[in-house]
Amino acid sequence: MHELHRLLPGALEGWQYELVYKSIRHIYFRIYPDKKTVRISAPYQINPKDLEHAILAKAAWLTDKVKAANHVLEPHTSPSVMRDNCSCMLWGKKLPVVRGVSNSRPQICLSAESEIMIRVPSGYAPQKEDNLWNRWLRSILNERIQMLREKWQPAMGTAAAEFRLKKMKTRWGSCNTRARRIWINAVLVHLDPCLLEYVLVHELVHLLEPGHTQRFYQIMQRYLSDWKSREIRLNQITLRS
Ligand SMILES: [Zn+2]
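The residue numbers shown here count from 1 along each chain, following its written sequence. Owing to the predicted nature of the model, reporting of local features is limited to residues with pLDDT of at least 70; listing and counting of side-chain atom pairs is limited to 80 or more, with chain, interface and lining totals taken over all residues. Calculation of side-chain values draws on the structure's entire complement of heavy atoms; hydrogens and water are dropped beforehand.

Caption draft 1: Representation of the overall build of the protein. A run of DSSP states H or I qualifies as a helix once it reaches four residues; a run of E qualifies as a strand once it reaches two. Both are numbered from the N-terminal end. Each helix and strand counted, the protein has six helices and 10 strands in total. Expressed as a percentage of its 241 residues, the buried residues of the protein come to 41%. Put simply, 46% of the contacts in the protein that link residues at least 6 apart link residues at least 24 apart. About 14000 Å² of surface is accessible on the protein, with carbon and sulfur atoms providing 50% of the total. The classification of residues rests on relative accessible area computed with a 1.4 Å probe and restricted to protein chains. Under 20% of the type maximum is buried, over 50% is exposed, and intermediate values are partly exposed. Should any heavy atoms of two residues lie within 4.5 Å, those residues are counted as being in contact. For every accessible area listed, the method is Shrake-Rupley and the probe measures 1.4 Å; residues are considered covered only by the protein chains on display.

Caption draft 2: Here's a closer look at the packing of helix α3 (residues 126–156) against helix α4 (residues 193–208). Their axes nearest at 10 Å, the elements α3 and α4 cross at an angle of 45°. With respect to each other, α3 and α4 are oriented oblique. α4 is crossed by α3, and the crossing has right-handed handedness. Residue-level contacts link L141, R144, I145, L148, K151, W152, Q153 and M156 of α3 to P193, L196, E197, L200, V201, L204, V205 and L208 of α4. Each residue belonging to the contact of α3 with α4 can be placed in one class, and the counts come to 12 nonpolar, one polar and three charged. With axes taken as lines fitted to C-alpha atoms, and helix axes fitted only over the stretch in contact, angles between N-to-C directions fall between 0 and 180 degrees. Note on terminology: angles under 35 degrees are roughly parallel, angles over 145 are roughly antiparallel, angles of 65 to 115 are roughly perpendicular, and the others are oblique. Note on convention: near helix rotated counterclockwise from far helix by under a right angle means a left-handed crossing. Clockwise means right-handed. Amino acids outside the nonpolar list (Ala, Val, Leu, Ile, Met, Phe, Trp, Tyr, Cys, Pro) and the charged list (Asp, Glu, Lys, Arg) are all regarded as polar, and Gly is one of them.

Caption draft 3: Quick peek at the sheet that holds strand β5 (residues 93–101). The four strands are arranged β4-β5-β7-β6 in an open sheet whose pairing can be described as mixed. The sheet is open, and its two borders are formed by β4 (87–90) and β6 (107–111), each paired with just one other strand. Neighbour to neighbour, the strand axes of the sheet diverge by 30° on average, direction disregarded. Of the strand pairs in this sheet, β6 and strand β7 (residues 115–120) are connected by five bridges, and their pairing is antiparallel. Paired with S111 across the two strands is E115, which belongs to β7. Running at roughly 140° to β7, α3 makes contact with β4, β5, β6 and β7 of the sheet. The pairing criterion for strands is at least two bridges between them, as found by DSSP.

Caption draft 4: Region of interest: the side chain of S102. Assignment of secondary structure puts S102 in the loop between β5 and β6. In the analysis that follows, any N or O atom pair within 3.5 Å is treated as a polar contact, provided that within protein one partner can donate a hydrogen and the other can accept it, and provided that, for residues neighboring in sequence, both atoms belong to side chains. Within the structure, S102 has its side chain in polar contact with the backbone nitrogen of S104 (distance 3.1 Å). A distance of 3.3 Å separates a polar atom in the side chain of S102 from the backbone oxygen of R105. Residues within four places of S102 in sequence aside, it is in contact with R119, V120 and P121.

Caption draft 5: Local environment of the coordination of the zinc ion. Each protein donor to the zinc ion is listed here as H202 (NE2), H206 (NE2) and H212 (NE2); together their distances run 2.0 Å. A donor here means any N, O or S atom no more than 2.8 Å from the metal (3.2 Å for Na, K and Ca); water is not included, so a site may seem to lack partners. Within one chain, the residues serving as donors to the zinc ion are arranged as H-x3-H-x5-H. Of this pair, H202 and H206 both sit in helix α4, four residues apart, which is roughly one turn of that helix. Considered together, H202 and H206 belong to a single accessibility category, that of buried residues.

Caption draft 6: Spotlight on the packing of α4 against helix α6 (residues 227–235). Where α4 contacts α6, the two axes come as close as 10 Å, and the packing angle between them is 110°. When the axes of α4 and α6 are compared, the pair comes out roughly perpendicular. In the packing of α4 onto α6, the handedness of the crossing is left-handed. Of α6, the residues touching α4 (which contributes C194, L195, E197, Y198 and V199) are W227, R230, E231, R233 and L234. Broken down by class, the residue content of the contact of α4 with α6 amounts to six nonpolar, no polar and four charged.

Written out as structure tokens, the structure is:
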């Protein structure tokens, strides 16, 4: 279906398109996130130009749906299912974990952004492996926080003295306004990065307005106009394992 890829330039890699002809009167679009497939059902007698117009008219909608589906998390997703022996959620995507044996230093690395390689000596203690994962995930999260600080602090005209990571059971972030210290929930490394961005901006706004006042939300709106939809997505994720 290279034809559909041409019509849908914004659609993401790795998705396929199916065109099915049926005895129907209208064109229907369906998204199957689990199969990464967009199915277009069209009437048998449709004229190719009409079909092309219908797809073009739907392109923006399809692109949005495909993007959202790439970051889909079931509402019941909790930290305990974000990593297991064969996969790990990283920035909202479930990546396979490929295991190897290392006789030198245990290490984890990301290969081509599509899989995670872990190499540990045989008989490596599970507790040690957990620690290795935690260190690796924190370094990845810290790197992204650094990028976001450089983007948002100058834009908002404020700056935290420091950012620290913590696994928290009840909140995604917090801000000690007196010490100007911001805590970020370490679980955020598993989720769509736009959710980390939302938490970071929210906590930076607290440096300008400590309480959740009307002014707080006005500032929030000024810097991140879609903050509400990000908050809704975050609230669908349970933090209790
Ligand atoms: Zn707050």
